[in-house]
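Architecture at a glance
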2 protein chains.
Amino acid sequence: MAFPAARHDHSACIQAALDAAEQECRRRGARLTDIRRIVLELVWESHRPVGAYALLESLGRQGRSAAPPTVYRALDFLLAHGLIHRVTSRNGFIGCPHPGHAHGGQILLCAQCGMAAELDDPALDREIAQSAARLGFTVNRQTIEVEGHCPTCQAQARDDTPQ
Amino acid sequence: MAFPAARHDHSACIQAALDAAEQECRRRGARLTDIRRIVLELVWESHRPVGAYALLESLGRQGRSAAPPTVYRALDFLLAHGLIHRVTSRNGFIGCPHPGHAHGGQILLCAQCGMAAELDDPALDREIAQSAARLGFTVNRQTIEVEGHCPTCQAQARDDTPQ
DNA sequence: GGGAGAAACGTTATAACATAACAAAATTCA
DNA sequence: TGAATTTTGTTATGTTATAACGTTTCTCCC
Ligand SMILES: [Zn+2]
Ligand SMILES: [Zn+2]
Ligand SMILES: [Zn+2]
Ligand SMILES: [Zn+2]
């Protein structure tokens, strides 16, 4: 789950995500309808969290203008089947690069460029479960959102500060 | 940081929080004005995350009706000085039981009763920082919100399921 | 193929959360 | 006191999310 590089073949990201979604939906007997596929594709337009209303506008630009419930329903479906993750601290959504592969939401967010990546560290899940258990608390779901600086932006900062 | 028991002397919680806030503000040269103190007190009315508009209504019931910006400004102040934490997954706020004592937001949320508690496990912070570092990512801030079941609600579930 | 039932979608309206902008009041401090 | 700063009041609006209900599309069995 490397952090997305500044320049990479992003169309490949999108294609891979759509293929994985197709497969995961087949496996689950879920229907990846037109709208759902299009919304997923739009979520994947970047590696940044996208808001529901930004998706609405994107849909409009594609000539498929819609009302909020349409987008929210598609997002609910994609969330329910693990094809996207919600980024609560940004009121946005990002595509999941490996649906099906069970994992809690561990998300890295670059404060500079806004890019997001998944961390997906099982040791972290265990540590949280253990730590919570010490207080007698049992864990269902966990949301981890880490803000910081991605490798690319750090490198840039070094270049911009000659010294 | 034990999970708050179902029955406990909650007025003591409130008083302790207000005292700690007073002290922390003095230490920082910050002004804990009337509204700010009242909002803090209202946040502490329960151990559950409270929304800004719920606080607005509470203010109204106290005869201090106000507009949204008043509450949001008070919340911003309390956040800035570490007297409360934001619970992004609930669009709410909870009081911090130990302001001043630096700590990232690690919050446990009971899906049953809605109660919240802080986890505050430094090992967790380290694990995240290390795990992120392996991807070349440096951490600024982290939001950890864990949903599950508190000790009280687990005990209740056992009682309600005789078998 | 036809029809009952379920799932998905369209549409309108509204709820819930948050901030911009500017005026008035209170506080600080020289 | 009086200027500078901070805090609060007020109006308006922006942003995010859902309720409710009717229509269409799909599924599956006969
Ligand atoms: Zn990409
Ligand atoms: Zn970056
Ligand atoms: Zn208490
Ligand atoms: Zn509980």
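So, how was this worked out
Residues numbered from 1 in each chain as written. Chains lettered and ligands numbered in written order. Predicted model: local features only at pLDDT ≥ 70, side-chain atom pairs only at ≥ 80, totals over all residues. Heavy atoms only, no water. Helix = DSSP H or I, 4+ residues; strand = E, 2+ residues; numbered from the N terminus. Pairing = 2+ DSSP bridges. Axes fitted to C-alpha atoms, helices over the stretch in contact; angles between N-to-C directions. Near = heavy atom within 4 Å. Polar contact = N/O pair within 3.5 Å; in protein donor to acceptor, adjacent residues only side chain to side chain. Nonpolar A, V, L, I, M, F, W, Y, C, P; charged D, E, K, R; others polar. UniProt positions renumbered as here; feature names shortened; annotations may be inferred. Contact = heavy atoms within 4.5 Å. Buried < 20%, exposed > 50% of the residue type's maximum accessible area, 1.4 Å probe, protein only. Donors = N, O, S within 2.8 Å, 3.2 Å for Na, K, Ca; no water. Tetrahedral: all angles 85-135°; square planar, octahedral: opposite > 155°, others 65-115°. 1 Å grid on protein atoms, 1.4 Å probe; cavity = no way out; pocket = protein on both sides within 12 Å on 5 of 7 lines; lining within 4 Å. Points joined across faces, edges and corners; volume = space filled by probe spheres on them.

Digging into unusual backbone geometry
All names here are of chain B. A positive phi angle, near 50 degrees, is found at asparagine 91, a position not held by glycine. Mapped onto the elements, asparagine 91 comes out in the loop between strand 1 (84–87) and strand 2 (92–95). Positive phi outside glycine occurs at aspartate 120, with the angle close to 60 degrees. Locating aspartate 120 in the fold gives a position in the loop between strand 4 (116–118) and helix 5 (122–133).

Notes on the sheet that holds strand 3 (residues 105–110) of chain A
In space, the six strands of this open sheet follow the order 4(A)-3(A)-5(A)-5(B)-3(B)-4(B), with mixed pairing throughout. Two strands in the sheet have a free side with no partner beyond their single neighbour: strand 4 (116–118) of chain A together with strand 4 of chain B. Put simply, the sheet's adjacent strands are angled 20 degrees from each other on average, direction ignored. Examined bridge by bridge, strand 5 (residues 138–149) of chain A and strand 5 (residues 138–149) of chain B share 11 bridges and lie antiparallel to one another. Its bridge partner being in strand 5 of chain B, histidine 149 of chain A is matched across the sheet by threonine 138 of chain B.

Some words on the protein's contact with DNA strand D
Close to DNA strand D lie 16 residues; Arg31, Tyr53 and Tyr72 of chain A together with Thr33 and Arg73 of chain B are nearest. For DNA strand D, the backbone portion of the atoms within 4 Å of the protein, that is sugar and phosphate, comes to 48%. Arginine 36 of chain B is positioned such that a nitrogen or oxygen atom in its side chain is 3.4 Å from a phosphate oxygen of DNA strand D. Within the side chain of threonine 70 of chain B, one N or O atom sits 3.4 Å away from a phosphate oxygen of DNA strand D. Looking at the surface near DNA strand D, the elements with two or more residues in it are helix 4 (68–80) of chain A together with helix 2 (34–43) and helix 4 (68–80) of chain B. The element contributing the most residues to the surface near DNA strand D is helix 4 of chain A, with four residues. Counted by class, the surface near DNA strand D contains seven nonpolar, three polar and six charged residues.

Quick word on the UniProt feature "binding site: Zn(2+)" (unreviewed entry) in chain A
All names here are of chain A. On the UniProt side, "binding site: Zn(2+)" (unreviewed entry) is annotated at positions that read Cys110, Cys113, Cys150 and Cys153 here. Over a stretch of 44 residues, the named residues converge on one spot in the fold, their C-alpha atoms separated by at most 8.2 Å. Its place among the elements puts cysteine 113 in the loop between strand 3 and strand 4. What cysteine 113 contacts, discounting residues up to four positions off in sequence, is Arg48, Cys150 and Cys153. When you line up the elements, cysteine 153 lands in helix 6 (residues 151–160). Looking at cysteine 153, the relative accessible area reads 8%, which means it is buried. Beyond its immediate chain neighbours, meaning those up to four positions away, cysteine 153 contacts Cys110, Gln112 and Cys113.

A few points about the coordination of the zinc ion (ligand 4)
Residues and elements named next belong to chain B. For the zinc ion (ligand 4), the protein coordination sphere consists of Cys110 (SG), Cys113 (SG), Cys150 (SG) and Cys153 (SG), at 2.2 to 2.3 Å. Considering all four donor atoms around the zinc ion (ligand 4), angles at the metal cover 105 to 115 degrees and the coordination shape is tetrahedral. Sequence spacing among the residues donating to the zinc ion (ligand 4) works out to C-x2-C-x36-C-x2-C. One end of the pair, cysteine 110, is in strand 3 (residues 105–110); the other, cysteine 150, is in the loop between strand 5 and helix 6 (151–160), with 40 residues separating them in the sequence. Using a relative accessible area of 1% as the deciding quantity, one classes cysteine 110 as buried. Note on cysteine 150: relative accessible area 1%, which makes it buried.

Description of empty space enclosed by the protein
Residue and element names in this part refer to chain A. Tallied over the entire structure, the rule returns one cavity of 30 Å³ or more. Roughly 30 Å³ of internal volume is contained in the largest cavity. What lines the largest cavity is simply Ala17, Ala20, Ala21, Leu40, Trp44, Leu83, Cys96 and Pro99. Ranked by the residues each element gives to the lining of the largest cavity, the list is headed by helix 1 (residues 10–28), at three residues. Tallied by class, the residues present in the lining of the largest cavity amount to eight nonpolar, no polar and no charged.

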